[in-house]
Every structure is written in structure tokens, then in C-alpha cells.
Amino acid sequence: MIRCLTSQWHVPYIFNLAKLKQYEFYVISFRHQMAGRDWYLGYRNFPPNVHHIAIDSLKYLELLKYIDFNLIIMHNVFDIDAFSQAHLIPSIPSVYVFHNSFFTEFRTYPIDQWTQQRQLVQQKLAQFNIQPIFISEFKRNSYEMNGTIITPGIDTTSEFPYTYNGIESIILRICSNLKSRDFMNGYLESNDIIGDQP
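Residues numbered from 1 in each chain as written. Predicted model: local features only at pLDDT ≥ 70, side-chain atom pairs only at ≥ 80, totals over all residues. Heavy atoms only, no water.

A. Structural context of helix α5 (residues 114-127). Compared with the 20 Å implied by 1.5 Å per residue over 14 residues, the 20 Å span of α5 between its first and last C-alpha is a close match. When we look at burial in α5, the residues that qualify are Q117, R118, V121 and L125. Looking straight down α5, one finds that the buried residues subtend no more than 105 degrees of arc, so they occupy a single side. Those residues of α5 that are exposed and angled more than 90 degrees off the buried face are A126 and Q127. Phi turns positive, to about 55 degrees, at N129, one or two residues after α5. (Helix = DSSP H or I, 4+ residues; strand = E, 2+ residues; numbered from the N terminus. Expected span 1.5 Å × (residues − 1). Buried < 20%, exposed > 50% of the residue type's maximum accessible area, 1.4 Å probe, protein only. Arc of directions from axis to C-beta.)

B. Structural context of the side chain of S29. Here S29 lies in strand β2 (residues 23-29). Taking relative accessible area as the criterion, S29 reaches 2% and is therefore assigned buried. Looking at S29, its side chain comes within polar contact range of the side chain of H52, at 2.5 Å. If we skip the residues at most four places from it in the chain, S29 touches Q8, D38, H52, I53 and I55. (Polar contact = N/O pair within 3.5 Å; in protein donor to acceptor, adjacent residues only side chain to side chain. Contact = heavy atoms within 4.5 Å.)

C. Spatial organisation of the pattern of salt bridges. In total, this model carries 3 salt bridges according to the counting rule given. In this structure, D81 and K124 form a salt bridge, with 2.7 Å as the shortest nitrogen-oxygen distance. Taken as a pair, D81 in helix α3 (residues 77-85) and K124 in helix α5 lie far apart in primary sequence, 43 residues in all. The partly exposed category is assigned to D81, whose relative accessible area is 29%. According to the relative accessible area criterion, K124 is partly exposed, its value standing at 24%. The salt bridge involving E144 is made with R118; its shortest N-O contact spans 3.9 Å. Of this pair, E144 sits in the loop between α6 (137-143) and β7 (148-149) while R118 sits in helix α5, and the two are 26 residues apart along the sequence. A residue is classified by how much of its surface remains accessible, and E144, at 57% relative accessible area, is exposed. (Salt bridge = Lys/Arg side-chain N within 4 Å of Asp/Glu carboxyl O.)

D. How the structure looks around the confidence of the model for the protein chain. Scored by pLDDT, the protein chain has a mean of 86; 88% of the residues are at 70 or more. Under a pLDDT of 50 for its full length, residues 32-36 has, in the predicted model, 3 contacts with residues more than four places off or in other chains. (pLDDT = per-residue confidence, 0-100.)

E. Layout of the packing of α3 against α5. One can describe the packing of α3 onto α5 by two numbers: an axis separation of 11 Å at closest approach and a directional angle of 35 degrees. α5 is crossed by α3, and the crossing has left-handed handedness. Residues V77, I80 and D81 of α3 form the contact with α5, whose own contacting residues are V121, K124 and L125. Partitioned by chemical class, the residues of the contact of α3 with α5 number 4 nonpolar, no polar and 2 charged. (Axes fitted to C-alpha atoms, helices over the stretch in contact; angles between N-to-C directions. Left-handed = near helix turned anticlockwise from the far one by under 90°. Nonpolar A, V, L, I, M, F, W, Y, C, P; charged D, E, K, R; others polar.)

F. Molecular detail of the pairing of β2. The element β2 is extensively covered by neighbouring structure, given that 6 of its 7 residues are classed as buried. Bridge analysis of strand β1 (residues 2-7) against β2 gives 6 bridges, and the strand direction is parallel. Bridge pairing in β2 links R3 to E24. Crossover β1 to β2 through helix α1 (residues 11-17) is right-handed. (Pairing = 2+ DSSP bridges. Right-handed = clockwise from strand over helix to strand, strands pointing away.)

And the structure:
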């Protein structure tokens, strides 16, 4: 059995990874107090090969010490700091999945700091020997670095309670918090593109 340690930052992504039955996933709720970051059982149950570890558990660091992990999967810069403080990297092979573009992650920084922030991310990856994985070429280019591109997919049979076959002359938009995250999802811009199309 291959054991992977990850953070509970991107539940749909982890849920799909868990379909690889030869893997076990240990998921830490580093951001369990932030809205929408916990594993909401109303949407998805824990697959049998996913084990949840709450960071507010006094024993969570002890649990990690006694498990031989084969891989750490990180989803943001916060993960690098958290796993390094727990002394888990660079001793365990690690990857960082860039789900968001640089422009989304660092949108609050002034433009004159962008070069510095890109360099800091690259330095952290190099320091802990973390391999970058991007979900699109756009995301990779936004960070101006090399890395593997692995595009994600959506399992429509498990994600949607209805059938959509693409035959209807309508546009289907699928997104969590589409309006409130306009800065990264382009809600207003896509409305302009769609126009009066149903």
C-alpha cells in the first residue's frame, strides 16, 4: 500500500485521487477553521482509503511519526511551511500541486513585488526538494517556472445528480462560489461572453 499525506485544501481533487485504491491518503485539516475548508460529508463521504486527521488533535504529530509515508502532496505555500515545521520535508518525496494561478494566489500583492514572490516560491520548492505540478499550462506560465502539467478531470457520474449530455443548446457552468470568487473564476466576464444564451 502506498501512503500519501496531504492537506484538506482541495477536497474534490483528493476525492478523485482516492479512486486509486492502491493508495492510502492521510488528510490533515490544516485550515479546518476556515469556511468551506473542512471535508463536508453532505457532499462527499470519506472513501475507505482516506483517513482524516484533525490538526487540533493533540496526537496528530505523534500519528504522523509512526506512519511511513511514501509521498506528500501539497496544495499551497501554507502547506510547505506546515510540513517543514513538522519535520516531514524534505525527508519524504513531495509534490506541490498548483491549482491556482500566481495572479490568484498573490492578487493582494503590489505588482512591483510579484518577481520577489515568484522567487520565494521557487526557493521554497528548491529548499525542500519539492516537485511542482501544474493543472494547466496557464498556471505554470503564471509562475514562470518549469514543472509537470497534469490536467484535472471531472467524474460526472459522481459529481452531478443529473444527466448532462451536451446536446441541449445551453451553456453549462460548473464552479464553486462562482460569483463570490469572481476574481479567479471570471463570473462577470463570462456573463458578457454568454450574453443571452441560455
